[in-house]
Amino acid sequence: VGGKILYDLNDAIHLSINGNFHRDAFGLPGALPRLLYKNDRRTTLNPNDKAETEDGFLAFGARWNLKELGRLEADLSYRHREVTNSFLSSLPIFSFKDRRNLSTRGFTPKYILEKPIGERYNKITFGLDYYHSDSNVDSESFFFGSTTFDGIEVSKKSFGLYLLDEFSILENLLLSIGGRWEWATYRVSQDLSGVRDRKRESEPAWSVGLNYLFGKGSSVFLSVKRSFRFPVSDEFIQFVFPPPTFQPTIQINSAMKPQTGYHYEAGIRHVLNDWIEGNLTLFWMDLRDEIFFNPLTFSNENHPKTRRQGFEVGLKTRPFLWLDVWGNYGYVRPTLRGDGFSGKDIPGVPRHKVSIGTDIHVGRGFLLNARANVVAPRRFISDWGNQVGRLNGYYNIDAKLSYTWKGLKAFVGVNNITNQKYAEYGVLNFAGLPFYYPSPERNFFGGISYNF
């Protein structure tokens, strides 16, 4: 359930409040070995594993129009998420439960000034993002008749400053230059071991882009960016089985590093006429310390270097006022670099993806959408050496019928119309054997909303 309220205090000050709450309970059937996947996709090796989630979010926003001096925007937010996991099926002699509570407070003010420099368009955006997260994990494990209780706390504070300037060098040539610097501090503590630790990280990000406009809705663009991603709180937590008891416990994954990368893009968007348009983007992405999960150590780790090269091409046409038809094709070459697996494919990344779809405006507020997706084979997740055969490619066809009348919106739809049996994800376990996560067969959905 969720909602949003907007209130104009006057012509200059605008206030908002929005929030939502989500609750679910679901099974954790896990993956299947090849034989079971082929013969009985609806079975499970973990019939008693389950999880529950509660997630709530609330945000207050304010916008202040300063007229010639620009405008100020700020959001104050709070989110609380609680997840309970129960792993009771793995072995008769071992079971494990944990409860994770994550509370996050945020404050994100920014200042925007749109004011020409001479006769040239210029827009400056300056802001800061502050987040404070507290994560508590309480675990209970049963091992050969003994019971162990453990708890770990991870606190993360992040503070980021950013500045973006968009300037028209020429009438049709837009230069975009932006930078961001972020600091993150982690504090961790563990009940069982008595460990207390603190870790501080900082990383910059920046981007430079050129966008040349030609014709109505057409442009050529070029950009270079540096990115980063700090580990989230859960990625600092790992499960270990220390000797001599080999009793499962939680430890701090202090070896984790921030993930960084450089991104290069160039492309064109061109509107040929009122009924057809196309786009082409070439990209090259180099990442360092990309974060992966290692099933051998039951923890997240950094891979030294990865590279993704490829292109995306799309076409959209409107042969009739009531009909839109579109299609996209993407190719990527995913490569591991910098260690013994250099030159191998990155696990889980398909080289080819195709999407085609249509929007049919039936009339009287009805709209019919249909799309088909085709995904090529890819390596099993954790198959660093590319030693196991590829996970099969697949296709699915989805459709949705929606209705709009004044503030009312309603829709119904069906996914995987042809009832294809496939697995979107496949992994290697700690023994190097392939396991499959069966994807849903034909399934239905629907919803309704009203704006007033």
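Note: the structure precedes this text.
Residues numbered from 1 in each chain as written. Predicted model: local features only at pLDDT ≥ 70, side-chain atom pairs only at ≥ 80, totals over all residues. Heavy atoms only, no water.

### Here's the deal with the overall build of the chain
No. 1: Counting its regular elements, the chain contains 1 helix and 25 strands.
No. 2: For the chain, the C-alpha atoms occupy an extent of roughly 75 × 50 × 50 Å along the three principal directions.
No. 3: Put simply, the chain has 452 residues, and 37% of those count as buried.
No. 4: Nonlocal contacts in the chain, meaning residues at least 24 apart in sequence, comprise 58% of its contacts between residues at least 6 apart.
No. 5: Roughly 26600 Å² of accessible area belongs to the chain as shown, and the carbon and sulfur atoms make up 60% of that amount.
No. 6: Distance between charge centroids for the chain: 4 Å, based on 55 positive and 47 negative side chains. (Helix = DSSP H or I, 4+ residues; strand = E, 2+ residues; numbered from the N terminus. Buried < 20%, exposed > 50% of the residue type's maximum accessible area, 1.4 Å probe, protein only. Contact = heavy atoms within 4.5 Å. Areas by Shrake-Rupley, 256 points an atom, 1.4 Å probe, with all protein chains shown as cover. Lys, Arg positive; Asp, Glu negative; His and termini not counted. Charge placed at Lys NZ, Arg CZ, Asp CG, Glu CD.)

### Some details on the pattern of salt bridges
No. 1: For the structure shown, the criterion picks out 22 salt bridges.
No. 2: Here R81 makes a salt bridge to D55, at a shortest N to O gap of 3.0 Å. Of this pair, R81 sits in strand 5 (residues 71-91) while D55 sits in strand 4 (residues 50-65), placing them 26 residues apart in sequence.
No. 3: For R81, a relative accessible area of 32% translates into the label partly exposed.
No. 4: Through salt bridges with shared partners, a single ionic network connects R63, R71, E73, D75, K110 and E114. (Salt bridge = Lys/Arg side-chain N within 4 Å of Asp/Glu carboxyl O.)

### As for empty space enclosed by the protein
Gaps left between atoms show up when a probe the size of a water molecule is rolled over them.
No. 1: All told, the structure shown has 2 cavities of 30 Å³ or more when counted by the stated rule.
No. 2: Surrounding the largest cavity, Y186, V188, D197, R198, K199, F236, I252 and S254 form its lining.
No. 3: Mapped by element, the contributors of at least two residues to the lining of the largest cavity are strand 10 (173-190) and strand 11 (196-213).
No. 4: Broken down by element, the residue count for the lining of the largest cavity peaks at 3 residues, all from strand 11.
No. 5: Here the residues of the lining of the largest cavity sort into 4 nonpolar, 1 polar and 3 charged. (1 Å grid on protein atoms, 1.4 Å probe; cavity = no way out; pocket = protein on both sides within 12 Å on 5 of 7 lines; lining within 4 Å. Points joined across faces, edges and corners; volume = space filled by probe spheres on them. Nonpolar A, V, L, I, M, F, W, Y, C, P; charged D, E, K, R; others polar.)

### Here's the deal with a positive patch on the surface
No. 1: Taken together, the side chains of K157, R187, R198 and R200 present a region of like positive charge at the surface.
No. 2: Its location among the elements puts R198 in strand 11. (Patch = residues over 30% accessible without salt bridge, like charges linked within 9 Å, V, L, I, M, F, W, Y side chains within 5 Å.)

### Focus on the layout of surface pockets
No. 1: In this structure, the second largest pocket spans a volume of roughly 380 Å³.
No. 2: What lines the second largest pocket is a set of 21 residues, among which F283, E312, G330, V332 and K353 lie closest to the centre.
No. 3: Elements with a minimum of two residues in the lining of the second largest pocket: strand 16 (276-294), strand 17 (299-320), strand 18 (323-337) and strand 19 (352-363).
No. 4: Tallied by class, the residues present in the lining of the second largest pocket amount to 10 nonpolar, 7 polar and 4 charged.

### Digging into the packing of aromatic side chains
No. 1: What the rule picks out here adds up to 13 aromatic pairs.
No. 2: On the basis of an interplanar angle of 35 degrees and a centroid distance of 6.4 Å, the ring pair of W181 and W183 is categorised as tilted.
No. 3: Seen in terms of ring centroids, Y394 and Y422 are 4.3 Å apart; in terms of plane orientation they differ by 10 degrees. Their pairing is stacked. One end of the pair, Y394, is in strand 21 (residues 394-405); the other, Y422, is in the loop between strand 22 (408-415) and strand 23 (425-428), with 28 residues separating them in the sequence. Accessibility classification places Y394 together with Y422 in one group, the buried group.
No. 4: Aromatic ring contacts, followed pair by pair, group Y37, F380 and Y436 into a single cluster.
No. 5: One Lys or Arg, K400, reaches over the ring of F411 and ends 5.4 Å from the middle of that ring. (Phe/Tyr/Trp six-rings, centres within 6.5 Å; stacked < 30°, edge-to-face > 60°. Lys NZ or Arg CZ within 6 Å of the ring centre and 35° of its normal.)

### Regarding the pairing of strand 23
Every regular strand shows the same layout, with side chains that alternate between the two sheet faces.
No. 1: Pairing of strand 23 with strand 24 (residues 434-437), which is carried by 4 bridges, proceeds in the antiparallel orientation. Residue pairing in the sheet places Y425 in a bridge with Y437 of strand 24.
No. 2: Hairpin connection of strand 23 to strand 24: 5 residues between the antiparallel strands, including G432 at a positive phi of 80 degrees. (Pairing = 2+ DSSP bridges.)

### What about a nonpolar patch on the surface?
No. 1: Residues L58, F60, L76, F107, F126, Y130, F159, L161 and L163 make up a contiguous nonpolar surface patch of about 770 Å² in total accessible area.
No. 2: A per-element tally of the nonpolar patch places strand 9 (residues 146-170) first, with 3 residues.
No. 3: Here F107 is to be found in strand 6 (residues 94-107).

### Looking at the sheet that holds strand 24
Pairing between the strands of a sheet is mediated by backbone hydrogen bonds and can be parallel or antiparallel.
No. 1: Pairing is antiparallel in the open sheet, where 3 strands are placed in the order 3-24-23. Whereas interior strands pair on both sides, the edge strands pair on one side only; in this sheet they are strand 3 (32-33) and strand 23.

### Examining unusual backbone geometry
No. 1: Not every positive phi belongs to a glycine, and K406 is a case in point at roughly 55 degrees.
No. 2: Secondary-structure assignment places K406 in the loop between strand 21 and strand 22.
No. 3: Accessibility expressed as a relative area gives 70% for K406, which makes it exposed.
No. 4: A positive phi angle, near 60 degrees, is found at N419, a position not held by glycine.
No. 5: When you line up the elements, N419 lands in the loop between strand 22 and strand 23.
No. 6: What makes N419 partly exposed here is its relative accessible area of 22%.

### Focus on the side chain of T335
No. 1: With respect to the secondary-structure elements, T335 resides in strand 18.
No. 2: With relative accessibility at 12%, the residue T335 sits in the buried group.
No. 3: Not counting chain neighbours up to four residues away, the residues in contact with T335 comprise T306, R307, G343, K344 and I346.

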